Amino acid sequence: MTRTWPEDWDARKSGAGCSFCTNRRGTPFYAGAVSDAFLERHAIARGHAIVVFRGRHVADFTGLTAEEAAAYWSDVHAAARMVERVFAPCHMNYQLLGNLVPHLHVHVLPRYLDDPAPGKPLPWEPKTLDEPEFESQLRLLTIAARPKSPVGQP
Ligand SMILES: [Zn+2]
């Protein structure tokens, strides 16, 4: 066998140098029971968000207890509904990968009728949002996260 994964993979999975543990990634638009949801600055779709497990380093979904897993998916569900309300996609995708940053997170990916890969996963070609666009999207998500507040209303 020729190893193809990085030599430090086991250390990274155990949390060594984990950027999600040490870097808050800015302000979450939603803080759930066990995770925080952030708008992605390097996005592959309008409204691309990630839901990051909070509290300790967990590399794989299987590292959660059954109770944590239920709470985590409930948080993903809540954050995804906010993304859906704001961006009105034609479909939603969810990717739980962790191949680059092995700290449990789900990518919430709105799909649009004019996106480049109908019927397939989106190609992983992130574009960095400029600051006004990022702030505009984040403001809408933050409003959507308020209890019973319609989008666009303060
Ligand atoms: Zn971590």
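Preceding this paragraph is the structure being described.
Throughout what follows, the structure given in this document is the object of discussion. (Residues numbered from 1 in each chain as written. Predicted model: local features only at pLDDT ≥ 70, side-chain atom pairs only at ≥ 80, totals over all residues. Heavy atoms only, no water.)

Remarks on the pairing of strand β6 (residues 105–111)
Where a strand is regular, its side chains alternate between the two sheet faces. The criterion, for reference: Note on exposure labels: buried denotes an accessible area under 20% of the residue type's maximum, exposed denotes more than 50%, and partly exposed covers the range between, all computed with a 1.4 Å probe on protein chains only. The numbering of helices and of strands both runs from the N terminus, where a helix is a DSSP run of H or I of at least 4 residues and a strand a run of E of at least 2. Pairing between strands is defined by DSSP: at least two bridges between them are needed.
Counting buried positions along β6 yields seven of seven residues, so the element is predominantly enclosed. Residues His105, His107, Leu109 and Arg111 point to one face of β6 and Val106, Val108 and Pro110 to the other, with burial holding for every one of them. Pairing analysis gives four bridges linking strand β4 (residues 49–53) to β6, with the strands arranged antiparallel. Paired with Ile50 across the bridge in β6 is His107. The pairing of strand β5 (residues 91–95) with β6 spans five bridges and is classified as antiparallel. Considered in β6, the bridge of Tyr94 is made with Val108.

Topic: the packing of helix α3 (residues 66–87) against helix α4 (residues 131–145)
Between two packed helices, what matters for the description is the angle formed by their axes and the separation of those axes. Here is the rule: Axis definition: a line fitted to C-alpha atoms, limited for helices to the stretch in contact. Angles are taken between N-to-C directions and run from 0 to 180 degrees. Any angle that is under 35 degrees is reported as roughly parallel, and any over 145 degrees as roughly antiparallel; angles of 65 to 115 degrees are reported as roughly perpendicular and all others as oblique. Handedness of each helix crossing follows the sense of rotation of the near helix against the far helix: counterclockwise by less than a right angle gives left-handed, clockwise gives right-handed. Residue contacts follow a heavy-atom distance rule, with two residues in contact if any of their heavy atoms lie within 4.5 Å.
The geometry of α3 relative to α4 is characterised by a closest axis approach of 9 Å and an angle of 120° between their N-to-C directions. In terms of axis orientation, α3 runs oblique to α4. As for how α3 packs across α4, the hand of that crossing is right-handed. The residues of α4 that touch α3, namely those facing Met82, Val83, Arg85, Val86 and Phe87, are Gln137, Leu140, Leu141, Ala144 and Ala145.

Some words on the nonpolar core
One broad rule of soluble globular proteins: the nonpolar side chains tend to lie buried together. Counted only if it meets this: Nonpolar cores were defined as sets of buried Ala, Val, Leu, Ile, Met, Phe, Trp, Tyr and Cys residues, with membership established by side-chain atoms within 4.5 Å.
With 33 residues, the main nonpolar core has Phe29, Tyr72, Val83 and Val108 as its most contacted residues. When residues of this core are traced back to their parent elements, those giving at least two are β2 (35–39), β4, α3, β6 and α4. Ranked by residues supplied to this core, first place goes to α3 with nine residues. Ignoring anything within four residues of it in the chain, the contact list for Phe29 reads Ala37, Phe38, Leu39, Ala49, Ala79, Met82, Val83, Leu138, Leu141, Thr142 and Ala145. Counting five residues, the second largest nonpolar core, distinct from the first, contains Cys18, Phe20, Phe38 and Val52.

Regarding α4
We apply this condition: A helix is expected to span 1.5 Å for every residue after the first. Here a polar contact is taken to be a pair of N or O atoms separated by no more than 3.5 Å, where protein atoms must pair a possible hydrogen donor with a possible acceptor and residues adjacent in sequence count only if both atoms sit in side chains.
Taking 1.5 Å per residue, 15 residues should reach 21 Å; α4 reaches 21 Å between its end C-alpha atoms and fits that length. Within the sequence span of α4, burial applies to Phe134, Gln137, Leu138, Leu141, Ile143 and Ala144. Elements that come into contact with the buried residues of α4 comprise β2 and α3. A distance of 2.9 Å separates the backbone nitrogen of Glu133 from a side-chain oxygen at the start of α4, and that oxygen is part of Asp130.

Brief notes about the coordination of the zinc ion
Here is the rule we go by: Donor selection uses N, O and S atoms within 2.8 Å of the metal (3.2 Å for Na, K and Ca). Since no water is included, sites may look incomplete. Geometry is assigned from the angles between donors: four donors with all angles from 85 to 135 degrees make a tetrahedral site, four or six donors whose opposite pairs exceed 155 degrees while the rest stay between 65 and 115 make square planar or octahedral sites respectively, and everything else is labelled irregular.
On the protein side, the zinc ion has Cys18 (SG), Cys21 (SG), His57 (ND1) and His103 (ND1) as donor atoms, found 2.1 to 2.3 Å from it. Given four donor atoms and angles of 106 to 116° at the metal, the environment of the zinc ion is assigned as tetrahedral. Given a relative accessible area of 7%, Cys18 falls into the buried group.

Description of the sheet that holds strand β1 (residues 30–31)
One open sheet holds the five strands; their spatial order is β1-β2-β4-β6-β5, and the pairing between them is antiparallel. Here the strands that pair on one side only, and so sit at the sheet edges, are β1 and β5. Of the strands in this sheet, β1, β2, β4, β5 and β6 are in contact with α3, which crosses β6 at around 30°.

Quick look at the side chain of Asp36
Mapped onto the secondary structure, Asp36 falls in strand β2. At 3.1 Å, the side chain of Asp36 and the side chain of Arg54 are in polar contact.

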